[in-house]
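Per-entry structural report
Residues per chain, in single letters:
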Amino acid sequence: MISAHPKHIAIIMDGNGRWAKARHLPRLAGHNAGAKAVERTLKAARKYGIAFITLYAFSSENWSRPQEEIDGLMKLLSKTLQDYTKTAAKENIRLWVSGEREPLPPALLTQIDEAIAATAQNTGLTVNLALNYGARQEITHAINAAIAAGEKDISPDTLRRYFYHPDLPDPELIIRTSGEERLSNFLLWQAAYSEFYFTPVLWPDFDETEFEKALAAYQNRSRRFGGI
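Please read all numbers here as calculations on a predicted model, not as lab measurements.

Glancing now at a nonpolar patch on the surface. Together, Ile 143, Ile 147 and Ile 154 give the surface a local cluster of nonpolar side chains, amounting to about 240 Å² of exposed area. Note that Ile 143 resides in helix α5 (residues 135-148).

A few words now on the pattern of salt bridges. According to the stated counting rule, one finds 14 salt bridges in the structure shown. With a closest N to O distance of 2.9 Å, Glu 180 and Arg 182 form a salt bridge. Residue class for Arg 182 comes out partly exposed when judged on its relative accessible area of 46%. With its nearest N and O atoms 3.3 Å apart, the salt bridge here joins Lys 213 to Glu 210. Placement of the pair is Lys 213 and Glu 210 together in helix α7 (residues 208-219), with a separation of 3 residues, close to one helical turn. You can call Lys 213 partly exposed: its relative accessible area is 42%. Exposure remark for Glu 210: the relative accessible area of 12% places this residue in the buried category. Because the salt bridges share partners, they merge into one network encompassing Asp 14, Arg 18, Arg 176, Glu 180 and Arg 182.

As a further point, take the pairing of strand β3 (residues 94-98). The side chains of a regular strand alternate, residue by residue, between the two faces of the sheet. Where burial is concerned, most of β3 is hidden: 4 out of the 5 residues are buried. Here β3 pairs with strand β4 (residues 126-133) via 5 bridges, running parallel. Within β4, the position partnered with Ser 98 by the bridge is Ala 130. Since β3 and β4 lie parallel, the crossover through helix α4 (residues 106-119) that links them has a hand, and here it is left-handed.

With that settled, consider the environment of Pro 204. Inspection of the secondary structure puts Pro 204 in the loop between β6 (195-198) and α7. Sequence spacing of Pro 204 and His 31 is 173 residues, and the spatial spacing of their C-alpha atoms is 7.9 Å. In contact with Pro 204, other than residues within four places in its own chain, are Gly 15, Asn 16, Trp 19, Gly 30, Ala 33, Gly 34, Ala 37 and Arg 40.

Moving on to the environment of Ile 50. Relative to the elements of secondary structure, Ile 50 occurs in the loop between α2 (27-47) and β2 (52-59). On the basis of relative accessible area, Ile 50 is assigned to the buried category, the value being 4%. Here the alpha-carbon distance between Ile 50 and His 8, two residues 42 residues apart in the chain, equals 6.5 Å. Ignoring sequence-local partners within four residues, the contact set of Ile 50 consists of His 5, Pro 6, Lys 7, Ile 9, Ala 45, Leu 125 and Phe 211.

Turning to the side chain of Gln 190, a few remarks are in order. Within the secondary structure, Gln 190 sits in the loop between β5 (173-176) and β6. Using a relative accessible area of 7% as the deciding quantity, one classes Gln 190 as buried. Leave out the neighbours within four places in its chain, and Gln 190 touches Tyr 133, Glu 138, Phe 163, Asp 170 and Pro 171.

On to the packing of α2 against α7. With their axes 9 Å apart at the nearest point, α2 and α7 run at an angle of 50° to one another. By the angle between their axes, α2 is oblique relative to α7. Where α2 crosses over α7, the handedness of that crossing is right-handed. Contacts between α2 and α7 involve Thr 41, Ala 44, Ala 45 and Lys 47 from the former and Glu 208, Phe 211 and Glu 212 from the latter. Along the lines of polarity and charge, the residues of the contact of α2 with α7 split into 3 nonpolar, 1 polar and 3 charged.

Before going further, it helps to spend a moment on α5. Between the first and last C-alpha of α5 there are 20 Å, a value that for 14 residues agrees with the 20 Å anticipated at 1.5 Å per step. Within the span of α5, buried status applies to Ala 135, Glu 138, Ala 142 and Ala 146. Along the axis of α5, the buried residues cluster in a sector spanning 65°; they form a single face. Opposite the buried face of α5, by more than 90 degrees, sit the exposed residues Arg 136, Ile 147 and Ala 148. Count one or two residues on from α5 and you reach Gly 150, which has phi positive near 90°.

Calculation criteria
Numbers given to residues run from 1 along each chain, matching the order in which its sequence is written. Since the coordinates come from a predicted model, pLDDT governs what is reported: local features require at least 70, and pairs of side-chain atoms require 80 or more to be given and counted, while whole-chain, interface and lining totals use all residues. Excluding hydrogens and water, the side-chain figures rest on all heavy atoms present in the structure. Like-charged residues within 9 Å of one another, or nonpolar side chains (Val, Leu, Ile, Met, Phe, Trp, Tyr) within 5 Å, are grouped into patches, provided each residue has over 30% relative accessible area and no salt bridge. Using a 1.4 Å probe, accessible areas were evaluated by the Shrake-Rupley method; residue-level cover was limited to the displayed protein chains. When a carboxyl oxygen of Asp or Glu is within 4 Å of a side-chain nitrogen of Lys or Arg, the pair counts as a salt bridge. What counts as a helix is a DSSP run of H or I of at least four residues, what counts as a strand is a run of E of at least two, and both are numbered from the N terminus. Buried, partly exposed and exposed residues are distinguished by accessible area as a fraction of the type maximum, computed with a 1.4 Å probe on protein chains only: under 20%, between the cut-offs, and over 50%, respectively. One bridge is not enough; two strands pair if DSSP finds at least two bridges between them. Throughout, right-handed denotes a crossover for which the path from the first strand over the helix to the second runs clockwise when the strands point away from the viewer. Contacts are residue-level and defined by heavy atoms, with any inter-residue pair within 4.5 Å sufficient. Between the N-to-C directions of two axes lies an angle of 0 to 180 degrees, each axis being a line fitted to C-alpha atoms and, for a helix, fitted only over the stretch in contact. With respect to orientation, any angle under 35 degrees is reported as roughly parallel, any angle over 145 as roughly antiparallel, any angle of 65 to 115 as roughly perpendicular, and every other angle as oblique. Left-handed describes a crossing whose near helix is turned anticlockwise from the far helix by less than a right angle; the clockwise case is right-handed. Nonpolar residues are Ala, Val, Leu, Ile, Met, Phe, Trp, Tyr, Cys and Pro. Charged residues are Asp, Glu, Lys and Arg, and all others, Gly as well, are polar. Take the number of residues in a helix, subtract one, and multiply by 1.5 Å to get its expected span. What the arc covers is the set of directions going from the helix axis to the C-beta atoms.

Encoded structure:
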């Protein structure tokens, strides 16, 4: 059994749309409710001393959704960044973002850059926002960057240096809500030895109690990394 909490938890925040549909509400209402779940989860992560948390906020495949929903998500991200930047100093939170900058709206990119700069010296929880993120894209990006840098012998350690955040430790625990049990192009490389926790709870209903259940499940696992 594992005695310590994970250093890095990654979460696939799934179920906003189904949460809204069950309540006969527009999908954006589910995303707004999901933003509240993010607040609760970050509070719980700080309580338990988690050092890094990666949130799958918007995948590179999500651009195929209806434009109205995409526009609403971009507005929600903008508001969330505004609120985050205001409270980050008090909570000592640092922001990182993983993903491709294009085709994110220029105004949103400016907000991202400002939030990252404003929180760069904070030493508490690091929130890594996976935004316009795809694991295959990250690996391809790293390979191309390594080639461009003139690398001749590309080892796993070499390739890691060209990931979006080379200093981000691999997640010990990956949580996915809503009952789905797949990675959906999320942290494929980094998940090589992650523990997985799947819950039927829809993301807007995820709270500290559910977070504690995931931690308890993790602590009941044995991590051998190919050994015995």
